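Secondary and tertiary structure notes
What follows is each chain in one-letter form.
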Amino acid sequence: MVYSEMLSKKLEGADAKEGDRISLRKGDEEYVGRLMAHHDFSAPDILILKMSSGYNIGIRVLKDSEIKVLERPAVKTVEREEPEPRKGLPNISLVSTGGTIASFVDYRTGAVRPAMSASELVDAVPELRDIANIKTRPLFSIFSENMDIIHWQKLADAVAEEINAGADAVIVPHGTDTMSYTAAALSFMLGDVPKPVVLVGAQRSSDRPSSDAFSNLMACARFCAEGKAAGVFVVMHEGLGDDLFSVHIGSRVRKMHTSRRDAFRSINVPPAATVSKDGKVEYLTELRAPSPGKAEARTAMDDGTILLQYYPGMDPKVFAPIISGSRGVVIAGTGLGHVGEPMCRVLKDACDRGIAVIMTTQCLGGTTNMNVYDTGRDLLSAGVIPVGDMLPEVAYVKLMWALANSESVEDAKRMMTETMANESGNRRCLL
Amino acid sequence: MKDAQEIVCGIEIHQQLSTRKLFCSCESRLCDEGEGAYFRKLRPTTGESGEIDRAALAQYNKGMGFRYQMAEDVSCLVDLDEEPPSGPDPEALETALVFSEMLHAKIADEIHFMRKVVVDGSNTGGYQRSALISTGGWVEVNGRRISILSVCLEEDAARKIEEKDGEITFRLDRLGIPLIEVATGPDIRSPEEAMETALRIGTLLRATKRVKRGIGTIREDLNISIPGGARVELKGAQELRMLPDYVANEAKRQKMLLTIKDILIQRGTEPADTGTEDVTDIFAGSESKVIKGALSSKGKVLAVRLPGFAGVMNGDGGNLRLGAEMAQRARSHGVKGIFHSDELPAYGIEQRCVDDLIGRLGMNGANDAFAICAAPERKARSALTAAVERANEALTGVPEETRDPLPDGTSKYSRPLPGASRMYPETDVPPIGITDSRLDHIRADLPELPEETEERLIREHGVNRQQARQLVRQDFSELFERICSAYSDMSAAAATTFLNTYSELERSGVDTSRISEEDIMAAFSMLSESKFAKEALPEILKEIAAGTPPEKAPAKLGLESVDDSEAQRIIESVVKEREEFVRSKGKAAAGPLMGPVMESLRGKVDGKKASRLLSEAIEKLIG
Ligand SMILES: [Zn+2]
């Protein structure tokens, strides 16, 4: 909610701005404090003051209340100096996008914004500079729910540029909500990228002492500095403690909890590696070694692609027009890859129209297998493509990319069944 | 007492509430067992001034890691900082509002929870959530008005379980229990008034009937200064009766530091340089246990010069004790202690070493002094640097700091006073608007004030003013009333039990806190049914405190009431034994015989009835 007209006028009249020390006279009482940002949920006639004790309180402003500015805050600019690169250390580029890992409280006004620049983030973890020469490149400053295809494309281009300019690794601090989508997008766009490209997030914002941003970033930098694996990865907490971190393959990872530090899990495969708090990296799967080659970003995407989760009662009348208006659809089916009879007909029809119909499972764990039951066999014969243990969101991102980077729909369908960035596999081990 | 007039003191009281936790739905109680031990680090973050909080930095420099134990039913993902908070608990908030009204304080129109940065590990988030509820109240203490600066609602910290190998283990059961924090203005002028104020505020808190009771549920912080001194915070006193000692001793300590300042200024002492010198070689052959221990684990002996500081580190027959202050500061950097020239040679350190040191450090001035520390080199250096910094602070008098109260009534250095820039908004908890109509409702239904309770106890239960007052002050009034309303004619016995029997039992070493409210109710239930005599109650309570269930206590002690004929038989035998005496005295023998009779009855019959039966027995004998 914003200020009421009465209060807006009073503030304007007094020329009071956030951060100013003001006096609010209300009847016999005078309140003195720093004017804080209006909270989204505060009532419109409430003024929030930070008292000398450090506490904020909300005070209801009345028609005859008086506001006076007592003092403007001294604007302090912090001089930042890029330190000289140190010989013998790997060069890591940090391309920041925003999100919780880079969100910060503006103490002057009390507002939280994804305002922290890449260099501020590094300055908050100075020990990063003992591991690598860190070059920072702020790209966006957005929360991850606002990441869109255009951002993936710009990001992939920026990462390729950094690698081609000599970076030994690229770290991408990213909001966690859609981090696995971005990781999947980069996995396909960057293909056989010759260096590690690692996304890292935080479940607790970096203004908090308990933030996982610092430790995740350190673990990420350590994995990069080892320089033993090329590809797109995600680094987050392995458990609830700050003592073990997982390196996930970018096309195999998913956010599985709304708030826990260990929300990110590799699905159907073990994590690629773990990093302990003292910096020891343990590799759990075989990874592609870095090479001196150039990076190439193939960033074309087909936005006529949709992702749908099947559910009992899914109404063909609602979804048939949506599906037929698309060029490709990924279904997160039930069990081994099924949908009910009415939707079955919709999908068959879509196949007939030349729309790429891809089947994944909403179980997430395990693979599709459409040979086991009638429904599955029907769908297969209609031309629905099952993609094994590929995650629904990964299949969605891949389909977008495949449709835009192929000669024909048939070619795209073929690409969907080929493993291109570790996104699917034939063996599922006991994890 | 002249000194007392110079004291400026304020109190902060933290009282746990008996509601659910403040920001989750966990129960608010402590657990004997904890599970798991999640490892965490807490980093000090920059405050709003763009600089890192100095108290936070001091904690981080200790290099601690933390482990957190969960406990069933009383900790959850919120407590472990794995889920955003919900709440605040409506009952806890209501209690804070009610209490604010009882203090005549002005309640904020909108309440905003803040994050108070605390990186000692006691809060998993690295901050304590706290909201300012009201300001500008007052409380009357023995006819004087003590101002109330603020009433806050905040969450309690996690409980420290152990500390070893650079790790502190906390249990999350206590974390998140709601606390009301009430701070008085600096209006308290004597050690006794500090206690009286705390007592009055405690009584008002209990009047809300939503506070926890017992050890650890209420903690007091004292802010103490004397003119020319500085604000020193004594944090976490638990025993009310110790408050006067803490205030008096802190005032004395500050006077001592002002004396030292005068001496140093008179001498023209300049701040000492913090540069250390490695003097390990001097101590190579020393027999001192501390030195030998440090050297055998690859430590070093470092020394610093303290020109102009001789005689104030330990001087004037132990009245000047700057050395103790320096050592406390040094210890906070992880060393066992330091030695200084005012106390050497001692502790096994030989005169020869002292002489060599004086030579090496080139200490020629009349008041030149030194300090040494034996420990791993880095630790020793930071410890000595801290000690020198403390010595230099003596030039300006009393340093502002936080101190830990000790059981002997003194205190020791804990950390610098936290700066003001340690709070920022808790963005996960939306602001809470407080409407006028809500406050009207609260004002219309405020809890009974302690003095009103006293009046009612006198009026309704026939106790005298002194008793009523003590029942309220000692927090027995509620239980007392429960007994009175449940069982008739028990008010006198109940008052005696709480005001006399309990303290007698405590004096004889019985832990009365082991007698639960339910135990007491059960005991009075049996008493009201004459299952034992009133005289047997102390023995019964003692037995209950020892762990016997109330219903079994009388039988176990052989104190069950006997019926009239059995009592008659016992009394008649007593009379018979003293037949000659009875015959000579006649009816007047009853008085002297009451003692032996009660002894034989061992509390199985109450005194009134015994007296009647005795008279009858005497009449029967003398005819
Ligand atoms: Zn909880």
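Only a predicted model underlies this, so the values are computations on that prediction, with no experimental measurement involved.

Concerning the overall build of chain A
When helices and strands are counted, chain A shows 11 helices and 21 strands. Principal axes of the C-alpha set define a box for chain A whose edges measure 80 × 60 × 35 Å. Considering only contacts in chain A between residues 6 or more positions apart, those separated by 24 or more positions represent 70%.

Comments concerning the nonpolar core
Counting residues in each nonpolar core, the largest one holds 139 residues, and the members touching the most others are B:Ile133, B:Ile338, B:Cys373 and B:Leu384. Of all the elements, helix 5 (residues 243-267) of chain B adds the most residues to this core, at 9 residues. With sequence-adjacent residues up to four places away left out, B:Cys373 is seen in contact with B:Leu302, B:Ala330, B:Val335, B:Ile338, B:Ala380, B:Ala383 and B:Leu384. A:Ala221, A:Val232, A:Phe245 and A:Val339 belong to the second largest nonpolar core, which has 99 residues in total.

Observations regarding the sheet that holds strand 19 (residues 328-333) of chain A
All names here are of chain A. In spatial order, the strands read 18-19-20-21; together these 4 strands make up an open sheet with parallel pairing. Of all the strands in the sheet, just strand 18 (305-309) and strand 21 (385-386) have a single pairing partner and so form its edges. Bridging between strand 18 and strand 19 involves 5 bridges; their strand directions are parallel. Bridge pairing in strand 19 links Thr 305 to Gly 328.

Considering the pairing of strand 19 of chain A
All names here are of chain A. Counted residue by residue, strand 19 has 6 buried out of 6 residues, so it is predominantly covered. Because side chains alternate across strand 19, one face comprises the buried residues Gly 328, Val 330 and Ala 332, and the other comprises Val 329, Ile 331 and Gly 333, equally buried. In this fold, the crossover linking strand 18 to strand 19 by way of helix 7 (residues 316-324) has right-handed handedness. For strand 19 and strand 20 (residues 356-361), the ladder comprises 6 bridges, and the chain directions are parallel. Opposite Val 329, over in strand 20, you have Val 357 as the bridge partner. Viewed along the sheet, the connection from strand 19 through helix 8 (residues 341-352) into strand 20 turns out right-handed.

So, the sheet that holds strand 2 (residues 35-40) of chain B
Residue and element names in this part refer to chain B. Ordered in space as 2-3-10-9, the 4 strands form an open sheet in which the pairing is mixed. The open sheet has two free edges, formed respectively by strand 2 and strand 9 (159-164), since each of these has just one partner strand. Within the sheet, the average angular offset between the axes of one strand and its neighbour, ignoring direction, is 25 degrees. Relative to strand 10 (residues 167-171), strand 9 is paired through 5 bridges, and the arrangement is antiparallel. By the bridge assignment for strand 10, Glu 163 is matched with Ile 168.

Re the interface of chain A and chain B
Contacts between chain A and chain B engage 36 residues on the former and 39 residues on the latter. The set of elements that each furnish at least two residues to the side of chain A that touches chain B consists of strand 3 (46-50), strand 4 (56-60) and helix 6 (213-226) of chain A. With 5 residues, strand 4 of chain A is the single largest residue contributor to the side of chain A that touches chain B. Residue composition of the side of chain A that touches chain B, by class: 15 nonpolar, 11 polar and 10 charged.

What to know about the domain arrangement of chain A
Structurally, chain A comprises domain 1 (5-71), domain 2 (91-283) and domain 3 (305-417). Computed over C-alpha atoms, the centres of domain 1 of chain A and domain 2 of chain A are 40 Å apart.

Description of the domain arrangement of chain B
All names here are of chain B. On domain assignment, one finds that chain B holds domain 1 (2-231), domain 2 (266-401), domain 3 (450-557) and domain 4 (564-622). For domain 1 versus domain 2, the distance between C-alpha centres works out to 37 Å. Listed per partner, the contact involves 5 residues of domain 1 and 5 residues of domain 2. Here the side of domain 1 that touches domain 2 is built from residues that sort into 1 nonpolar, 2 polar and 2 charged.

Re the environment of A:Gly13
By the secondary structure assignment, A:Gly13 is in helix 1 (residues 5-14). Expressed as a C-alpha distance, the spacing of A:Gly13 and A:Ile67, which sit 54 residues apart in the sequence, is 8.6 Å.

Here's the deal with the confidence of the model for chain B
Averaged over chain B, the pLDDT score is 89; the fraction of residues at 70 or greater is 96%. Model confidence for the complex is summarised by a pTM of 0.83, with the ipTM given as 0.91.

How each quantity is defined
- Residues numbered from 1 in each chain as written.
- Chains lettered and ligands numbered in written order.
- Predicted model: local features only at pLDDT ≥ 70, side-chain atom pairs only at ≥ 80, totals over all residues.
- Helix = DSSP H or I, 4+ residues; strand = E, 2+ residues; numbered from the N terminus.
- Contact = placed C-beta atoms within 7 Å.
- Core = buried A, V, L, I, M, F, W, Y, C linked by C-beta atoms within 7 Å.
- Buried ≥ 20, exposed ≤ 12 C-beta atoms within 10 Å, placed from the backbone.
- Pairing = 2+ DSSP bridges.
- Right-handed = clockwise from strand over helix to strand, strands pointing away.
- Axes fitted to C-alpha atoms, helices over the stretch in contact; angles between N-to-C directions.
- Nonpolar A, V, L, I, M, F, W, Y, C, P; charged D, E, K, R; others polar.
- Domains from an automatic or database assignment.
- pLDDT = per-residue confidence, 0-100.

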